[in-house]
Every structure is written in structure tokens, then in C-alpha cells.
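Summary of structural features
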Amino acid sequence: MIDSSAGLVLYVSIACYLAGAVISTGPAVWILRYGDRTRHDRLPLIAACLLTAIWCGLAAAFGAFHPLAILAETGRNLAYIVMIFRLFSADGRDESLKPIRPVIITVALVQLFQPLLLYIHLRLGLVSEIAALTFEASAVLNMLVAVGALLLVHNLYAGAGAVSRRVLRWSAAALAAIFAYDLNLFTIAYLMGEYPEYLVAARGLFVGAMAGVLVIGGTGASGDLQFRPSRAVTFQTLSLLFICSYLLVMTLVTRSLTLLGGDFARAGQILFLVLGIGTATVLLASKGVRGRLRVTATKHLFQHRYDYREEWLRFTATIGRGTNNSASFHERAVKAVADITDSPAGLLLVANEEANLELTARWNWPTIEVPAVAGGYGLSGLLEKHIHIVDMGEVRTGIEHHGELAHIPCWMRQEEDIWALVPLIHFDRLVGAIVLARPRIERRLDWEDFDLLRVVGQQLASYLAEQAGQQALMDANRFDEFNRRMAFVMHDIKNLASQLSLLSANAQKHADNPAFRKDMLVTLRNSSEKLSALLARLGRYGAGPVQKLSELDLAEFGRSLAARFKPVHPVIFNQTQMVRVMADREVLEQAVVHLIQNAIDASEPNSPVYISASHEGLNGQIDIVDAGHGMSPEFVRSGLFKPFISSKDGGFGIGAFEAREMIQALGGRLMVESREGVGTRFSVILPVAETHRLSLNSNPGSELPIEVANG
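Notes on the structure follow. Position labels on residues start from 1 in each chain and follow its written sequence. Whole-chain, interface and lining totals are the exception, using all residues; otherwise, since this is a predicted model, local features are given only for residues with pLDDT of at least 70 and side-chain atom pairs are given and counted only at 80 or more. Calculated side-chain values reflect all of the structure's heavy atoms, with hydrogen atoms and water omitted.

1. Structural notes on the sheet that holds strand β9 (residues 609–616)
An order of β7-β9-β10-β12-β11 is seen for the five strands of this open sheet, with the pairing classed as mixed. Strands at the two margins of the open sheet, each flanked by one partner only, are β7 (571–573) and β11 (669–675). Sheet twist, expressed as the mean angle between neighbouring strand axes with direction ignored, is 20°. Inspection of the sheet shows β7 paired to β9 by three bridges, in the parallel sense. Note on β9: the bridge partner recorded for Val571 is Val609. Here helix α18 (residues 554–565) sits on the sheet and contacts β7, β9 and β10 (619–626); the angle it forms with β7, its principal contact strand, is near 160°. In this scheme, strands are said to pair when DSSP sees at least two bridges between them. To qualify as a helix, a DSSP run of H or I must reach at least 4 residues; to qualify as a strand, a run of E must reach at least 2; elements of each kind are numbered from the N terminus. Fitted lines through C-alpha atoms give the axes, limited to the stretch in contact for helices. The angle between two N-to-C directions lies from 0 to 180 degrees. Whether two residues are in contact is decided by their heavy atoms: any pair within 4.5 Å suffices.

2. Focus: the pairing of strand β5 (residues 429–437)
Along any regular strand the residues' side chains alternate between the sheet's two faces. In terms of burial, β5 is a largely internal element, eight of the nine residues being buried. Both strand β1 (residues 346–351) and β5 contribute to a ladder of five bridges, which runs antiparallel. The partner of Leu348 across the bridge, within β5, is Ile434. Here strand β4 (residues 418–426) runs beside β5; their pairing, made up of eight bridges, is antiparallel. Bridge pairing in β5 places Ile425 opposite Leu430. Whether a residue is buried, partly exposed or exposed follows from its accessible area with a 1.4 Å probe, protein chains only, as a fraction of its type maximum: under 20%, in between, or over 50%, in that order.

3. What about the nonpolar core?
Residues enter a nonpolar core if they are buried and are Ala, Val, Leu, Ile, Met, Phe, Trp, Tyr or Cys, with the set joined through side-chain atoms within 4.5 Å. With 50 residues, the main nonpolar core has Tyr17, Trp55, Tyr80, Leu175 and Leu214 as its most contacted residues. Looking at this core, the element that brings in the most residues is helix α3 (residues 67–90), giving nine residues. Beyond its immediate sequence surroundings of up to four residues, Tyr80 is in contact with Ala48, Thr52, Leu175, Ile178, Phe179, Val207 and Leu214. Counting 43 residues, the second-largest nonpolar core is a separate cluster that includes Leu549, Ile600, Val672 and Phe682.

4. Structural notes on helix α13 (residues 377–386)
Of all the residues in α13, the buried ones are Leu379, Ser380, Leu382 and Leu383. For α13, the angular spread of buried residues about the axis comes to 165°, placing them on one side. Counted as exposed and oriented over 90 degrees from the buried face of α13: Tyr377 and Lys385. Turning to α13, the residues buried within the fold contact β2 (357–363), β3 (390–391), β4 and β5. Just downstream of α13 lies Ile387, where phi reads positive at about 45°. This arc is taken over the directions from the axis of the helix to the C-beta atoms.

This is the structure we're talking about:
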């Protein structure tokens, strides 16, 4: 059995060394004829391959430790050392890294001690003590050479620039593998006192294969070659390594416990077995653990999909681009995020005062229908609390992470092109959200998308918050200027009203002509009343809720307004349902008249404006609908209710703001839906009279004067 085993090892050794000789010769010839002639390491590489082939041939013919094979191995290692030095030279560091030269010289001198040991062994090897001493010295010298070479290769690759690494990686990997194999071989030989026959037998084939890898590094196209195993292969390899490591640890622990003996060893083995089974069960049964392990391996073993520097530069360039003849800031914000994931379109939803999400801007997505309230306060609160990027593919399949299924609106679920919802968080507060369209190349969101989109969302939220703050500051400055001017106007009007009132009183006493006195009194009284009404209006802005409310029939109210405007434009009241609300008729009329006038201005001469009144739950609602030019979502969000911003030529831009303030003073709300080229709907929502009476009954101390309006 021993003879047959030794014979098998011998045959395997001869075959491996012959294969190594053939593999090493081919690359040497190929480099000689087709290699990159401009490379500094070309001649050392050819010499190393040829000496490797000679060493393999001698080892196959005479044995791995024949004197001729040892001399050939020495020449091979020296060629590798020269090659490493030439690679330093090729990288332009042979002069700047002068400390490397002593290391190279030292490694070469250590390698040259091998022929001296070989001579001593041949002359005095018959003495067993000297033979053992030369064996140990040879193993130690080979280990020192391997360690020195690995140190040089490490410095070569670690100190190289990004471009140089692409050229050096194949050569450095092959050299590191060759000397790592030698270090392992001679370390085992030194510790065991003999060479491991299987490692010696396979050495020729391994070194020959690495010579082939060296040839890859010696070609001009080596910088474009990369080893990119698939993720499935990598995960399977990691699983195999984990299993092998587990078996090795289990073997060592079992052997150690066996040496202890007795009941303690038996109990320790049982405990180790139970722990092993428990660990394996957790890893196999827990999807969360397996998912975290997969993400960790993916982060550290694979190149990232995104070039973060390029993505950040592109994001900054898109946001900071000038506004002349280009998209608005909000549209650029959507584009900046969509470009990261190659999404062809996107929407910007911004949180309003009631924490509902409203459409503010759209980029390349004109066809999608978005309701006035794009997302409720529940969705806003969830996004703000968890900073969770919603994968709409998971939502449609029923997968949720933080209870988001109950808050995603129906229009998002039904629109198949919606791919993701990215929250924009600024100082733990939700500023808005970006809706991304599905990329043209179908793929799923992964951890890298989530990481990058979360950071970009926070950065974009800071931009939006800063813009909103600047806009608020500008509005405050304009209001301050407006108030200063109005103070002078109100003072002048007050003086004029007093003078007219005095004139009216004197005229009643001193006018001689009764007819003139009568006309003058009527004229002066009307003028005084108008000026006083104007003064009251100017002083009412910002004064808080209207204190005098009365029951008002919205149907009669809408019908009277339609009749007033009918001579100048077709205004149609198309709802006859009686709805009684609590309001101040004069204040409400002033606000609604402005909305009707806006609708008329936005419509063609023959395009009718429709007024309707309806009962919506606990509220009454009056709608003003036109089929005019419509408004963009950005203008509705940022300009419609902002003072001093107008879409009309010469407009002061305070009418819509004034109308909303008046309606809010009545305890109501003003809602708007508009689409460019389609039209606009303004909805005035007020509490019905029954609801108001119930609230007064529950809070007697908060009663307000109530009058019942007839008609």
C-alpha cells in the first residue's frame, strides 16, 4: 500500500511539473512575439517564464529537490525579484522610493545563499546533524525570500495610483500567489521536519498557471481585464468557505475536548453540537439575518452601481442651473433626483399647512392625473417618522415595512408607472416627497438606491426649506412696505371722510336751494358711506375672524351673483339645492366676486363660467368652474396665494390672497384645482348652519351675534 501510494504521488508530481513546464513555455514565447514592447518588465518576465519552464522540466526529470532543480529555482526567484523592481520603475517610483532598493538587494542576497547551502549539503550531507541543519536553514531562507517578496508586492500595489493599479493588478496577484504558496510550503516543511509531498507535487502546475497570469499582466490590454464573478457564484463560494470554516472549528474544538477526557469532554461536545445546530437554524430560517448578510457581502465585495462623485456633481449642476429659458427650481429638483435612478419622469409633492401632500411640480409627466390632495397627513407622518423610501412594487404586492399600505393613496397604486416615493426630510420635518417614474430598463430598488436617495432627499429638502424661508422673508418685506403705504392712505381717507361728513352737516343747515340741497346731500352721503366702507375694508385685513355671522342660502347667493355678471359674460348657475351656511354676506360676496372675475378673465368671451352650490357632509360648498387657460401646479403652490405675484399684466397680485384671508376669517377654506389648458375650479367651503348651532350649544361662552338672512 505504501509503495503504491508513493508511486501515485510520484506520477502526479511528474505530470504536474511537466504541465507547468509546458504552460510556462507558451507564455514566454507569446510575450516574446506579441507582448507590449514598451513595458519595462518585458525582459524579466520572459526570463522568469523560461526559468520557470526549465525548473519544472528539471524537477520532472530528476525530482523537485535535485541540485539542478534547486539552482533553477534560485534563478527563477531572482528573475521574479528583478521583475518586481522593474515594475516599480515602470510606475515611476524607482527614484522616489529609494528605501525599497535595500529590501530588493537583501531579498536577492538571501536567495543567493541557497547555492552555498546546496554546496555544503553535497559535501557534508552524509552527516545527519549537518543534513538536518542545512534542511532547516534552507527552509528558513526560502521563507525569508517569500516574506520579502510579498512585502515588495504589497508596497508595489498599495502605493500605486488608480491608473497604475489597473496595469499592475494581474502581475501583482500572480507574484503574490507564487510567493504565498512558497511561504506556506516551506513553513509546513520547517514545522514538520519534512516537505509535504502533495504540496510539492502540485507546486509545478500552480507556478506554471501563475506564469500564465503574469503573461496577462504583461499585455497592453491588461488594464481593461477584470475578474468579475457573478453574485450567485460569490455567495455560493462564501457559503462553502463558511461551511469549511465551521467544520475546521468543530474539528479543533472536538479534538481539544477529547484531550480533556471525562464527563466534561462529553458535556462540552454536546453543548458545542447544540450551539452549532442553533446557529445553523437561525442562519437558514431567518430571512432578516440572511438578508443582512447578503447586503453586507454585496457592499464590500462588489463595485457600486453609482459613481458617487459623478452623481453628486450632476445633482449639484442640475439644481444650480440658471432659470433663464429653463425649467423652474421645483422642476429641476425633480429632474435632479430622477436622473440618479434613470427615471424618465417625476413629481414633486409638498406638504401644506394641514400636513397634506399637494402637487407642486411635474417633470416630463404631463399625462398623470393627480388629485388636489395627493397624500393625506397619515402618509406624511409615516414618511417623516421612518424616513422610509416607499417601493411601489412592494406596495402593489402587499409588502409593507412600517404600515404604509394603509396610507398609500389609490391613485399611486393604480398608476403602474409610479416606481418609488422618496421623502424629503429637513431637521426631522417632512418638506415634501418625490414621486419617481419606473426606469425604462426594468429593475428593483436595492440598498444602494435607498442609501443614495435618502441622502439626496435630505439635501434637496434643505434647498426647498431655504427657498421657502427666503420667499417668506421677501413677502414679509413687501408687506411691511405695503403696510407703510397703506397707513398714509388710510390717514388721508379718514381726513377726507371727516371733511365730507362735516360738509354734509353744514349743507343741511345753510343751503338755500332745496333741490340742490337734496341732490348735494344724497351725493355727499353716498360718498361718505363709500369712503367709510373702504376705510373699514382696509382696517379689517388681518383683524381675525369675522364677528357678525348670519345664515345664508348658498343657492340664492350663487343665483344672485350669476345674474349680476350675466350682462357682461355668460355666467351660469347650475345647482338648485338649498344649502344654508353661516357667513357674513358682504365679506363672502367680496371674496366670491373676485373669484368669478378671475374666472371670466381667464376664459374666452363665449366660454361660460359655472357656479354651483352643494351640501358636502358638515359643510356647504360653492364652486366656481371655468374652462379657461388654467394654472400650472407650481403657480398654484407658490404664486396664486402669494401677495404681489400676479399672472395678469399690471396685476397687483393681492386679490386671491385677500379672498382666501376673507374666507378663512369666516371659518371656511378655499380649495383650488387647476390644469393648464383645461381650466380651474375654486371651491369655497363653509360650515353649515346646523353644525354652527351645535358648536354654540356645546360652547355657550363662545356665542357670536347671529342674524337670519331672508331670501
